[in-house]
Amino acid sequence: MAAAVELITAPWNLGLRPPAPGHEPGTWRAPQALLSAGMEARLRPARVVELDRPPYAFDAQPATRIRNGVSIREHALRLGEAVQTALAASRFAVVLGGDCSILLGCLLGARRHGRCGLVHLDGHSDFRHPGNHDAGSTLGTAAGMDLALATGRGELLLTHWPVVGRPLVADEDVVQIGDREEGEETPPVTRFTAREIARTGIADLSERVIRHLERRDLDRVWLHLDLDVLDERVLPAVDSPGRPGLDFTQLTELVSNLVGTGRVVGLDVAIYDPELDPDGTYAAPIVDSLASALTPLATMETHA
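Residues numbered from 1 in each chain as written. Predicted model: local features only at pLDDT ≥ 70, side-chain atom pairs only at ≥ 80, totals over all residues. Heavy atoms only, no water.

- Identification of the protein chain as Arginase family protein from Streptomyces palmae is taken from an unreviewed UniProt entry.
- Recorded in UniProt under Sequence similarities (unreviewed entry), the annotation for the protein chain is "Belongs to the arginase family." (UniProt positions renumbered as here; feature names shortened; annotations may be inferred.)

Structure follows, in structure tokens:
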């Protein structure tokens, strides 16, 4: 792996609801679990930045109906600075989370360098917002709202950002891949569902996504990887497992094809929960898939 990678750890679980009363979600443990499984050794980053673990609040925070909303904004700003610094040094940013709310900080950092598209790999649309759910009856969870928030839908606390403003990414500049939900509101973005992918295959999907990026003239793209895009038969240790989904070979091929275009400036990895994987069975294949997918970086210059 070329020394063009900067590894950033974002050990938080702020965007998820408690799995049981008084128990925090375990996704904050994922960065260390992946590092222990060899992520740093495989990627050989030029730099490793370890961000602090933010405290998890079980109760509502002031002036927001999003769980941990105030804390998410604070730590998204910090993550944004780390991503911005990595990209300014012409490094490919790899952010290890954490839950899907880390996407906001990642996009914020990428947008400081100009327009940036988004390829959103996720088994769910993550498109809950005040227009399609009752924010008054229950606290919203940012991990199920990250695409809505990134496209400017929801509370100003998590949709309006210093310098960048709102939204972090335009609907037209988003490609959503892997959604297996039925009967939910369809986001107004370019979308390839899990069932479509099962029919057409990864090669066809890759070509169609790349053509869309070309048509939109997007030479800078952020890649969001919620590992629940994988089929639960190959990775059950996530917050919301399901099927159908990709296997590790398909995921490696897809990410490699996208990174190989030179358009992807960084990626984040979210939702692996080591507490659901007490024997550490799944950390190694996650590391192997990502490291293999990023091999194109060894022979190309990433975009600044």
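Regarding the overall build of the protein chain
Next, step 1: The helix and strand tally for the protein chain stands at 9 helices and 8 strands.
Next, step 2: Relative to the globule expectation of 19 Å for 304 residues, the C-alpha radius of gyration of the protein chain, 17 Å, shows essentially globular dimensions.
Next, step 3: Viewed in the frame of its principal axes, the protein chain has a C-alpha envelope of about 50 × 45 × 40 Å.
Next, step 4: Put simply, the protein chain has 304 residues, and 57% of those count as buried.
Next, step 5: The long-range share in the protein chain, meaning contacts at least 24 apart out of those at least 6 apart in sequence, stands at 77%.
Next, step 6: Surface exposure of the protein chain reaches about 11500 Å², of which carbon and sulfur atoms provide 47%.
Next, step 7: Distance between charge centres in the protein chain, computed from 29 positive and 42 negative side chains, equals 4 Å. (Helix = DSSP H or I, 4+ residues; strand = E, 2+ residues; numbered from the N terminus. Rg over C-alpha atoms; globule rule 2.2 N^0.38 Å. Buried < 20%, exposed > 50% of the residue type's maximum accessible area, 1.4 Å probe, protein only. Contact = heavy atoms within 4.5 Å. Areas by Shrake-Rupley, 256 points an atom, 1.4 Å probe, with all protein chains shown as cover. Lys, Arg positive; Asp, Glu negative; His and termini not counted. Charge placed at Lys NZ, Arg CZ, Asp CG, Glu CD.)

A word on the nonpolar core
Next, step 1: Among the nonpolar cores identified, the biggest contains 96 residues, and Val119, Ile177, Trp222 and Leu227 are the most heavily contacted of them.
Next, step 2: Leave out the neighbours within four places in its chain, and Leu227 touches Leu235, Val238, Leu251, Val269, Ala270, Tyr272 and Ile286. (Core = buried A, V, L, I, M, F, W, Y, C linked by side-chain atoms within 4.5 Å.)

Concerning the pattern of salt bridges
Next, step 1: All told, the structure shown has 13 salt bridges when counted by the stated rule.
Next, step 2: In this structure, the salt-bridge partner of Arg153 is Asp171, at a minimum N-O distance of 2.8 Å. Within this pair, whereas Arg153 is found in the loop between α5 (146-150) and β5 (174-177), its partner Asp171 is found in the loop between α5 and β5, the two being separated by 18 residues in sequence.
Next, step 3: Residue class for Arg153 comes out partly exposed when judged on its relative accessible area of 22%.
Next, step 4: One network of salt bridges, with partners in common, ties together Glu6, Arg47 and Arg91. (Salt bridge = Lys/Arg side-chain N within 4 Å of Asp/Glu carboxyl O.)

Observations regarding helix α8 (residues 248-259)
Next, step 1: Spanning 12 residues, α8 covers 16 Å between terminal C-alpha atoms, matching the ideal 16 Å at 1.5 Å per step.
Next, step 2: At the N-terminal boundary of α8, the capping side chain belongs to Asp247, with an oxygen 3.1 Å from the backbone nitrogen of Thr249. (Expected span 1.5 Å × (residues − 1). Polar contact = N/O pair within 3.5 Å; in protein donor to acceptor, adjacent residues only side chain to side chain.)

Considering the packing of α8 against helix α9 (residues 283-293)
Next, step 1: Put simply, α8 and α9 touch, their axes get as near as 8 Å, and they point 30° apart. In this view, α8 runs roughly parallel relative to α9, as classed from their interaxial angle. Crossing handedness for the pair α8 and α9: right-handed. In contact with Phe248, Leu251, Thr252, Val255, Ser256 and Val259 of α8, α9 contributes Pro285, Ile286, Ser289, Ser292 and Ala293. (Axes fitted to C-alpha atoms, helices over the stretch in contact; angles between N-to-C directions. Parallel < 35°, antiparallel > 145°, perpendicular 65-115°, else oblique. Left-handed = near helix turned anticlockwise from the far one by under 90°.)

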